[in-house]
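# Structural features, examined
So the chains spell out like this:
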Amino acid sequence: MNIRDAEIVKGLLIDDGFRIADDGKGSLDAVLFVTCSVRQHAEDRVWSEIGWFSKLKGKFPTGTLPIIGLVGCMAENYKKEAFKRMPGIDLVVGTNNIGEIPRLLRKAFEERQGAGEGRYLAVSKKERDEFVYQPAFREAKDNSFVVISEGCDNFCSYCVVPYVRGRLRHRQPENILREIRVNIDKGINSLTLIGQNVNSYECNGTDFTRLLEKVDSLEGLKEFTFFTSHPKDAARKLFTVMSALERLKKYLHLPAQSGSDRILGLMKRGYSRKQYLSLVEAYRKIVKNGALTTDIIAGFPGETEEDFEATLDLLKTVRFNGAFIFKYSPRPHTRAAKLKDDVPRDEKERRHRILLETQRKISRELKDK
Ligand code: SF4
């Protein structure tokens, strides 16, 4: 989502007459950080980068600091606090306010010319305007991300997404198909449909499987995939459609997060280990040779050795093609942040390492098969 957001911001700026200096060369007038709040580590890196840019005062041709903008999830997470935390910041623009960036940047430049120190805050908009998806600019020439839904209503106890990206909204199917058509006409004939939970897509009588069918029927499309699915909303019907559609890649990312029912309950995931395993079984039965990947969190509050062993066992039982395995870190606003983060750091690292090593071995074995 953030890669696509950064691309959208670039597209909006280009359409407004700005020039993008990705390489940092030439006259650098503004630096925008399109940020992620999913883990503490990602936020720490942004604060440190902004700190680095803030120290460059006087080293730029204009003799001033470039305008610095905090965009996306961290902007929603910190809102006006961000100005206090990092005084070098001029713009704070939330995930659903990104359409305002060109106007705010111009205002900030005008303010600078008048020797002012204007700071602009644009956050908390409930949803994006459709026009933000329309800029022609695309970073990659062979594959594109196409947003089908925004936000999330699931409120998993560890996750900050519903608080920073807002409640679940779906784009109109016609707008999605039009965007894909434009891309295909430009020669981008491979795409990934994205959303926090694509399976719950439903708009004007088009559900997710119907949307997949409509996309599959577009002339000129070579292949497509989707990302991310929630186990509580993925169903046999999806697998049947996946198996039937010619251009849809036989690949499913199905985040398990834990193999322990007790931890899944604390995470408020809405499924049990047994239900997850039966979904995997149905997927493998229906989608022949379908690839499967997952997400796992190591060291969730209260995770015992027994819970950890259950997750390790899940990896060994399912034998995923790949897994994104993360160490738990408490996120603001979330219910899990109120629980005691009681798995010691060393222990989190040990569990994370064992899970990673196990998964790497399985991935290698499956690749060499
Ligand atoms: S489904 Fe859960 S983990 Fe995924 S974005 Fe929504 S709240 Fe976060």
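Residues numbered from 1 in each chain as written. Predicted model: local features only at pLDDT ≥ 70, side-chain atom pairs only at ≥ 80, totals over all residues.

### Quick word on the overall build of the chain
Assigned secondary structure in the chain consists of 13 helices and 14 strands. For a compact globule of 369 residues, the expected C-alpha radius of gyration is about 21 Å, and the chain comes in at 22 Å, within 12% of that figure. Along the longest, intermediate and shortest principal axes, the C-alpha atoms of the chain span 65 × 55 × 40 Å. Here the chain holds 369 residues, and 36% of them are scored as buried. (Helix = DSSP H or I, 4+ residues; strand = E, 2+ residues; numbered from the N terminus. Rg over C-alpha atoms; globule rule 2.2 N^0.38 Å. Buried ≥ 20, exposed ≤ 12 C-beta atoms within 10 Å, placed from the backbone.)

### Things to note about the packing of helix 9 (residues 236-244) against helix 11 (residues 273-286)
As a packed pair, helix 9 and helix 11 sit with axes 9 Å apart at the nearest point and diverge in direction by 25°. Relative to helix 11, the element helix 9 is oriented roughly parallel. As helix 9 packs across helix 11, the resulting crossing turns out to be right-handed. Each of R236, F239, T240 and S243 in helix 9 lies in contact with helix 11, whose residues at this interface are A282, Y283 and I286. For the contact of helix 9 with helix 11, the residue count by class is four nonpolar, two polar and one charged. (Axes fitted to C-alpha atoms, helices over the stretch in contact; angles between N-to-C directions. Parallel < 35°, antiparallel > 145°, perpendicular 65-115°, else oblique. Left-handed = near helix turned anticlockwise from the far one by under 90°. Contact = placed C-beta atoms within 7 Å. Nonpolar A, V, L, I, M, F, W, Y, C, P; charged D, E, K, R; others polar.)

### Description of the environment of A310
Tracing the chain through its elements places A310 in helix 12 (residues 305-318). The class of A310 is partly exposed, set by 19 C-beta atoms lying within 10 Å. A sequence separation of 37 residues divides A310 from R273, and the C-alpha atoms of the two residues are 9.2 Å apart. If near-sequence neighbours (up to four positions away) are discounted, A310 is found in contact with G259 and S260.

### A few points about the site of the ligand
Around the ligand, the surrounding shell consists of C152, N154, F155, C156, C159, V161, P162, Q196, N197 and H230. In terms of residue class, the shell around the ligand is made up of six nonpolar, four polar and no charged. (Near = placed C-beta within 6 Å.)

### Re the pairing of strand 8 (residues 190-194)
In strand 8, alternate side chains face the same way, and those of L191 and L193 are buried while those of S190, T192 and I194 on the opposite face are not. By the bridge criterion, four bridges tie strand 5 (residues 144-147) to strand 8 in an arrangement that is parallel. Its bridge partner being in strand 8, V146 is matched across the sheet by L193. Bridge analysis of strand 8 against strand 11 (residues 223-227) gives five bridges, and the strand direction is parallel. Its bridge partner being in strand 11, I194 is matched across the sheet by F227. (Pairing = 2+ DSSP bridges.)

### With respect to the domain arrangement of the chain
Each assigned domain of the chain is listed with its residue range as follows: domain 1 (2-122), domain 2 (140-243) and domain 3 (250-369). Taken together, the contact pairs 19 residues of domain 2 with 28 residues of domain 3. Of all elements in the fold, only strand 11 and helix 9 reach the threshold of two or more residues within the side of domain 2 that touches domain 3. Of the residues that constitute the side of domain 2 that touches domain 3, the class distribution is eleven nonpolar, six polar and two charged. (Domains from an automatic or database assignment.)

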